[in-house]
Number of protein chains: 2
Amino acid sequence: MNSKPKIVVLGAGYAGMMTTKKLMQQLQPEEADIVLVNKHNYHYQTTWLHEVAAGTINHNQARIMIRDIIDPNRVRLIYDSVVRVNRDDQRVVLENSEIDYDYLVVSLGFETNTFGIKGMDENAFFIQDIDSCQLIREHIEYQFAQYKNSEAKEDHNLTILVGGGGFTGVEFVGELAEKVPQLCKKYDIDPNVPKIINVEASPSILPGFDTDLVAYAKTSLQERGVELREGTKIQACTEEGFIVGEGNELIKAGTVVWTGGVTGNSVLADSGFELTKGKVTVNSDLRAPGEENIFILGDCAWVMNKKEDRPYPPTAQAAMQHATTCANNLKALLHHQPLEQFVFSDKGTVASLGVTDAMGTIFEGTKLYGKPAAAMKKVVDNRYLFLLGGLNLFLKKGKVRPF
Amino acid sequence: MNSKPKIVVLGAGYAGMMTTKKLMQQLQPEEADIVLVNKHNYHYQTTWLHEVAAGTINHNQARIMIRDIIDPNRVRLIYDSVVRVNRDDQRVVLENSEIDYDYLVVSLGFETNTFGIKGMDENAFFIQDIDSCQLIREHIEYQFAQYKNSEAKEDHNLTILVGGGGFTGVEFVGELAEKVPQLCKKYDIDPNVPKIINVEASPSILPGFDTDLVAYAKTSLQERGVELREGTKIQACTEEGFIVGEGNELIKAGTVVWTGGVTGNSVLADSGFELTKGKVTVNSDLRAPGEENIFILGDCAWVMNKKEDRPYPPTAQAAMQHATTCANNLKALLHHQPLEQFVFSDKGTVASLGVTDAMGTIFEGTKLYGKPAAAMKKVVDNRYLFLLGGLNLFLKKGKVRPF
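Definitions and limits used
Residues numbered from 1 in each chain as written. Chains lettered and ligands numbered in written order. Predicted model: local features only at pLDDT ≥ 70, side-chain atom pairs only at ≥ 80, totals over all residues. Heavy atoms only, no water. Helix = DSSP H or I, 4+ residues; strand = E, 2+ residues; numbered from the N terminus. Expected span 1.5 Å × (residues − 1). Bend = angle between axes of the 7 residues up to and from the residue. Domains from an automatic or database assignment. Buried < 20%, exposed > 50% of the residue type's maximum accessible area, 1.4 Å probe, protein only. Pairing = 2+ DSSP bridges. Right-handed = clockwise from strand over helix to strand, strands pointing away. UniProt positions renumbered as here; feature names shortened; annotations may be inferred. Contact = heavy atoms within 4.5 Å. Buried area = accessible area lost by both parts, 1.4 Å probe. Salt bridge = Lys/Arg side-chain N within 4 Å of Asp/Glu carboxyl O. Polar contact = N/O pair within 3.5 Å; in protein donor to acceptor, adjacent residues only side chain to side chain. Axes fitted to C-alpha atoms, helices over the stretch in contact; angles between N-to-C directions. Left-handed = near helix turned anticlockwise from the far one by under 90°. Least-squares fit on C-alpha atoms with pLDDT ≥ 70 in both. Core = buried A, V, L, I, M, F, W, Y, C linked by side-chain atoms within 4.5 Å.

Caption draft 1: Here's a closer look at helix 5 (residues 167-186) of chain B. All names here are of chain B. For helix 5, built from 20 residues, the straight-helix expectation of 28 Å at 1.5 Å per residue is met to within 8% by its first-to-last C-alpha distance of 29 Å. Residue Ala-177 marks the point of greatest curvature in helix 5, where the axis turns by about 30 degrees; the proline Pro-181 follows within four residues. Asp-188 sits one or two residues past helix 5 and shows a positive phi near 50 degrees.

Following this line, the structure appears as structure tokens:
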């Protein structure tokens, strides 16, 4: 080899951080240069964003300085936004510079997808990143402060309307059910005034989930005052709220959050990758079709479950497993060895419903509810911190809430 | 006496709380019924409100549940707003009921006075009470969250414009100089973007204060980035900011707060008391002119300094001294003894300029600056808690910041 090959990782989410970390551990410095490009100087926990948005955890708990995990003497860190990948000349255009690569890992995460619902982009908040979630938290609290100081109190200003009853939507309303009573106390407001409403077009929230678990989640949320509007299609989002159903009913709210859909990062489209519903359907070695040296991971990729002939669900758990396969395959490419196939190992899924409640499956189908599930959810959250940054990171950012 | 006389105290500010507390201590239960009427079930520290508004202390630190100080078995507590005093039939009209009195103490505090400046009532926030200060705090933070999430960033949205360079205005910008860098850190915003601007019509901030102390305050504030616009008259307040000076310059700001004036509670006017600049000029025994059984205290009263032929400044210190005289005089009335004359004992004045800086005078003119003054300011704050609620209250709500 004439010069060291350069591996460029785009995005420091679950997939990008773990890939970089593993490359750092598995490759000798003389084997390859590693570059990590990320918009911010921090990594954040996407699966904790709903808690930042509700204000039940501090945003700093949900983010980790990249330098605390990735040694900047080993990995070149570039804090910039990716504009486009030019595959023809193997260059990545950033907002403020350009960088060439020999091997590329595209792990740029998701973007919110409003499915063209009228007015949603303009009028709803998105659980997208740390900044957008701090805005949601502040917007909600500002409604309470304004309500308390207003002469003619309009109760619907304290309604929080959440579009989409999938994983994020349900976890978010679960956190809101914890937070809203605290805000009522802080602003001396009757706790019966604020409403939390979740709107889902499917006949039930959490479509695709085990029916026992869904039933448990519904009861838990409803008992804590969350109103579930299932089988309710959102026709449009206005400044006032959602217009829903056949009768075009208006649900007014002071805060409107859309959690109903995500798609792959728009850099994929801008770079001319062939897309299926906004993501690249990758080969089983996680490379983009037809590309020898480009891996696509995490929420940017559809990874096919060949047994069931449909893609695996795009989760943080899957993204971290992508990283392992990707790092192994990069090493294999450098050593001219055969690449491995990605196989998803389902470790279960636990959805938080608040501080002390959760539900989900672990160990291939064992159902968990209530406090044990909430404890397991924290185990899952903390396990990632161990994997990423060891004991120190767990002690610094871990969830050790009393329950 | 056929029945027990009834003493009604209106308002649980510094004057009303201390009067009630002293009556509770000095009168036997069989001597009089005591009633305390207040809008909220809590007393708050008016002199700490600028800290609640800046967000440098929690609002709960600045308020005290009335029941924690006043024994509800000895004093009847009514939580309601006062509409009007009917002196002819010795009744007080409340929003939800009426109450008669034999002796009345009017200690309803101040209202913000905008001196008819165009647009000020509609567009500026006021440092008025706990609710309004929580709104200011949330409004400021919401500007930071919005700025961070906005595409086309308008820097003036992070400007905080404070009208009035008196005691409250100066203390408020001093706290903001502490808070704004914290917000910049929280929202990853360049600390050079936000501005704190204080506008004062007089040639200097803190008119009437010792010139050495004023010079010290100016340097302290300016070194921490506060812009002082002295000798600058506010012509109008609009949605965008202030229009100032002869040239009608527009100073744009995302947050506009008016601290430039106060007057007595409007209940005084609504009850037909004779007013001088919104307050009642009381006799030296603190009774309203021509009234045998009505005392007017605190920010509702002008108490004349006969030596200098002008009223004493309306401060918390004065209000607490009014309470002592008033309680003594109520006891004297019950016992048909002569009333005492109010004499103000000036214990000095210390203005906070932030967490670790302050300036003021103590012990009849000794000037204090910097950390010793900041320490003394906390002594003053804590002394009141001792007087009101003893060691327990100090431990619960005291200011024991490190400095």
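Caption draft 2: Here's a closer look at the domain arrangement of chain A. When cut into domains, chain A gives domain 1 (6-39 + 80-112 + 262-345) and domain 2 (120-258). Its C-alpha centre places domain 1 of chain A at a distance of 34 Å from the equivalent point of domain 2 of chain A.

Caption draft 3: Here's a closer look at the pairing of strand 2 (residues 33-38) of chain A. Residue and element names in this part refer to chain A. Of all six residues in strand 2, five are buried; the element is thus mostly enclosed. Examined bridge by bridge, strand 1 (residues 6-10) and strand 2 share five bridges and lie parallel to one another. Among the inter-strand pairings, Ile-7 is bridged to a residue of strand 2, identified as Ile-34. Between the parallel elements strand 1 and strand 2, the chain passes through helix 1 (residues 14-26) in a crossover that is right-handed. In this sheet, strand 5 (residues 75-79) lies alongside strand 2 in parallel orientation, the contact comprising five bridges. Considered in strand 5, the bridge of Asn-38 is made with Tyr-79.

Caption draft 4: The arrangement of the UniProt feature "domain: FAD/NAD(P)-binding" (unreviewed entry) in chain A in detail. Under the UniProt annotation, the feature "domain: FAD/NAD(P)-binding" (unreviewed entry) is placed at residues 6-323 of chain A. Annotated as residues 6-323 of chain A, this span is 28% helix and 27% strand, and its ends, taken at the C-alpha atoms, are 17 Å apart.

Caption draft 5: Molecular detail of the interface of chain B and chain A. Of the residues lining the interface, 21 residues belong to chain B; the matching set on chain A comes to 21 residues. Each partner contributes to the roughly 1,700 Å² buried at the junction of chain B and chain A, and carbon and sulfur atoms together form 51% of this total. For the pair chain B and chain A, the number of links is four salt bridges. In this structure, Glu-141 of chain B engages Arg-137 of chain A in a salt bridge whose closest nitrogen and oxygen atoms are separated by 3.7 Å. On the surface where chain B and chain A come into contact, there are 16 residue pairs in polar contact (both at pLDDT 80 or more). Elements that contribute at least two residues to the side of chain B that touches chain A include exactly helix 4 (130-149) and helix 5 of chain B.

Caption draft 6: The packing of helix 1 (residues 14-26) of chain B against helix 8 (residues 316-334) of chain B, seen in detail. Residue and element names in this part refer to chain B. Remark: helix 1 packs on helix 8, axes separated minimally by 8 Å, with the N-to-C direction vectors making an angle of 35 degrees. Here helix 1 and helix 8 pass one another in a crossing that is right-handed. The residues of helix 8 that touch helix 1, namely those facing Tyr-14, Ala-15, Met-18, Thr-19, Lys-22, Leu-23 and Gln-26, are Ala-316, Ala-319, Met-320, Ala-323, Thr-324, Cys-326, Ala-327, Asn-328, Leu-330 and Lys-331.

Caption draft 7: Local environment of the relation of the copies chain B and chain A. Once chain B is rotated about the relating axis by 180 degrees and shifted along it by 0.0 Å, it coincides with chain A to within an RMSD of 0.0 Å. In symmetry terms, the pair is related by a two-fold rotation axis. Counting the interface residues of chain B, we find that 100% of their copies in chain A are interface residues as well, pointing to one common contact surface.

Caption draft 8: Molecular detail of the nonpolar core. Membership of the largest hydrophobic core comes to 231 residues, with the highest contact counts inside it found for Leu-10 and Ile-296 of chain A together with Ile-296 of chain B. Not counting residues up to four positions away in its chain, the partners in contact with Leu-10 of chain A are Val-37, Val-82, Val-85, Val-92, Leu-104, Val-105, Val-106, Ser-107 and Leu-108 of chain A.

Caption draft 9: Here's a closer look at the environment of Tyr-79 of chain A. Mapped onto the elements, Tyr-79 of chain A comes out in strand 5. Setting aside chain neighbours within four positions, we find Tyr-79 of chain A in contact with Asn-38, Lys-39, His-40, Asn-41, Ile-66 and Arg-67 of chain A.

Caption draft 10: Spatial organisation of the sheet that holds strand 26 (residues 358-362) of chain B. Residue and element names in this part refer to chain B. Across the sheet, which stays open at both edges, the three strands sit in the order 25-26-27 with antiparallel pairing between neighbours. Both outer strands of the open sheet, strand 25 (348-352) and strand 27 (366-369), are each paired with one neighbouring strand and no more. In this sheet, adjacent strand axes meet at a mean angle of 10 degrees when their direction is disregarded. For strand 25 and strand 26, the ladder comprises five bridges, and the chain directions are antiparallel. Of the residues in strand 26, the one forming a bridge with Thr-349 is Thr-361.

Caption draft 11: Structural context of unusual backbone geometry. Here the phi dihedral of Phe-115 of chain A falls at roughly 50 degrees; this positive angle occurs in a residue that is not glycine. When you line up the elements, Phe-115 of chain A lands in the loop between strand 10 (110-112) and helix 3 (120-123).

Caption draft 12: Structural detail: the environment of Met-320 of chain B. All names here are of chain B. Counting through the fold element by element, Met-320 comes out in helix 8. For Met-320 and Asn-96, which are 224 residues apart along the polypeptide, the C-alpha to C-alpha distance reads 29 Å. Residues within four places of Met-320 in sequence aside, it is in contact with Tyr-14, Met-18 and Tyr-384.

Caption draft 13: Spatial organisation of the pattern of salt bridges. Residues and elements named next belong to chain A. A full pass over the atoms with the stated rule returns 38 salt bridges over all chains. Note that Arg-287 and Glu-292 form a salt bridge whose closest N and O atoms lie 3.7 Å from each other. Here Arg-287 falls in the buried class, since its relative accessible area comes to 11%. Of the residues examined, Glu-292 reaches a relative accessible area of 58% and is grouped as exposed.

Caption draft 14: Looking closely at the environment of Val-257 of chain A. Summarising the element assignment, Val-257 of chain A is placed in strand 18 (residues 255-258). Taking the C-alpha atoms as reference, Val-257 of chain A lies 9.7 Å from Phe-172 of chain A; in sequence the two are 85 residues apart.

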